[in-house]
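# Observations on the three-dimensional arrangement
Residues per chain, in single letters:
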Amino acid sequence: MDVPLLAAKGLSKTFASRGRRVAALQDVAFTLKRGETLGLVGPSGSGKSTLARVLMRLIEPQAGSIHFNGDDWLKLEGRALRERRGAIQMVFQDPLSAFNPRATIGSALAAPLRVHGFADGVAELLARVGLTASLAERGIHEVSGGQRQRVAIARALATRPSVIVFDEAVSALDASVRGQILQLIADLQQSEGLAYLFVSHDLAAVRVIAHRIAVMDQGRIVECGPTQDVVSNPQSSTLKALVAAVPRLRKGG
Ligand SMILES: Nc1ncnc2c1ncn2[C@@H]1O[C@H](COP(=O)(O)OP(=O)(O)O)[C@@H](O)[C@H]1O
Ligand SMILES: [Mg+2]
């Protein structure tokens, strides 16, 4: 048995807000192999983004562990964390919120390259996501939604991650652009051996990109398996509802 690149176990996170307690993660476990895409689907509020943020070390769970690439990931601190956290990167739904609005695309890409001491330049990064070097002089507001998401992917690549978490990264794009970005994401995985956690409420997008799918509801993974099996034979009421919401999956898949 080969050891997974990433293995999460027993992750639990409860938020307390305005006197209410929300169990956003309850005993969540999953694995991710090198070069694999795990799709994470579930209704709004099921805990998908919380899980993504725990992986990114943006929030701390109350319980659980993540073993990643030989590290006890949630125990990394200080210098070791700074040196290694670029190994997991994230691409969000709205790239505008993740970029300094006044910076050029070139400077937004140069910063992480500098921090990590990598010599490959901005132009090479842009080329890897199918953009021309001339885009470096533009502002993030000046390019299309699809180009923006390519820039966000380029920035994620800058630290040479082995895992990229996509959190609703194609959800705001229209269908043709979404298809192009999904193709780019798949091509990058092929050429660079990246592993992905691909988070979306949109089963149709997840189905084309994921090798396996995990289904979340109310903080728990209620179902997990190879994409084709899971989509053609949903077991949980959560996944049955998601399948029913995608017209072309309803019959025969
Ligand atoms: N910072 C927070 N404070 C309080 N509650 C939160 C916070 N972040 C998420 N939640 C709650 O946790 C649950 C899961 O949220 P989230 O992980 O964003 O779900 P999803 O990404 O699947 O839509 C929701 O009920 C949400 O309201
Ligand atoms: Mg979310």
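Above this text you will find the structure in question.
Below, the structure is looked at part by part. (Residues numbered from 1 in each chain as written. Chains lettered and ligands numbered in written order. Predicted model: local features only at pLDDT ≥ 70, side-chain atom pairs only at ≥ 80, totals over all residues. Heavy atoms only, no water.)

## Remarks on the overall build of the protein chain
Basically, it comes down to this: Strands here are runs of E lasting at least two residues and helices are runs of H or I lasting at least four, both read from the DSSP assignment and numbered beginning at the N terminus. Computation of the radius of gyration draws on C-alpha atoms, with the globule rule given as 2.2 Å multiplied by the number of residues to the power 0.38. Exposed residues in this analysis have more than 50% of their type's maximum accessible area, buried residues have under 20%, and partly exposed residues fall in between, with area computed by a 1.4 Å probe over protein chains only. Residues count as neighbours in contact if any of their non-hydrogen atoms are within 4.5 Å of one another. Surface accessibility follows the Shrake-Rupley procedure with a 1.4 Å probe radius. Residue values consider only the protein chains on display as shielding.
Assigned secondary structure in the protein chain consists of eleven helices and ten strands. The globule rule puts the C-alpha radius of gyration for 253 residues at 18 Å, and the 18 Å found for the protein chain is close to it. The proportion of buried residues among the 253 residues of the protein chain is 50%. A separation threshold of at least 6 residues defines the contact pool for the protein chain, and within that pool the share at least 24 residues apart is 66%. Here the protein chain displays about 12400 Å² of accessible surface, and carbon together with sulfur accounts for 49% of that area.

## As for the site of ligand 1
Applicable threshold: Throughout, near means a residue has at least one heavy atom within 4 Å of the molecule or strand. In protein, a polar contact requires one atom able to donate a hydrogen and another able to accept it; more generally it is a pair of N or O atoms within 3.5 Å, and residues adjacent in sequence count only if both atoms are side-chain atoms.
In the neighbourhood of ligand 1, the contacting residues comprise Phe15, Val22, Ala24, Pro43, Ser44, Gly45, Ser46, Gly47, Lys48, Ser49 and Thr50. In this structure, Ser49 approaches ligand 1 through a main-chain N or O atom, which is 2.9 Å from an oxygen atom. Between ligand 1 and Thr50, the relevant distance is 2.6 Å, taken from an oxygen atom to a side-chain nitrogen or oxygen of the residue. In isolation ligand 1 exposes 560 Å². Once the protein is present, 62% of that is buried. Counting only elements with at least two residues in the shell around ligand 1, the list comes to strand E2 (20-32) and helix H1 (48-55).

## What about unusual backbone geometry?
Within the chain, Arg18 stands out as a residue other than glycine whose phi angle is a positive 45 degrees. Positionally, Arg18 belongs in the loop between strand E1 (6-17) and E2. For Arg18, a relative accessible area of 86% corresponds to the exposed category. Of note, the phi angle at Asp27 is positive, near 55 degrees, even though the residue is not glycine. Judged by relative accessible area, Asp27 falls into the exposed class, the value being 54%.

## What to know about the sheet that holds strand E9 (residues 212-217)
Put simply, the rule is: Here the rule is simple: two strands pair whenever DSSP picks up at least two bridges between them. Throughout, an axis means a line fitted to C-alpha atoms (over the contacting stretch in the case of helices), and angles, computed between N-to-C directions, take values from 0 to 180 degrees.
Reading across from one edge, E6-E7-E8-E3-E9-E10 is the order of the six strands in this open sheet, with mixed pairing throughout. The open sheet has two free edges, formed respectively by strand E6 (88-91) and strand E10 (220-226), since each of these has just one partner strand. Within this sheet the neighbouring strands show an average axis-to-axis angle of 20 degrees, counted without direction. As paired strands, E6 and strand E7 (residues 163-167) are joined by four bridges and run parallel to one another. What sits directly across from Ile88, in E7, is Val163.

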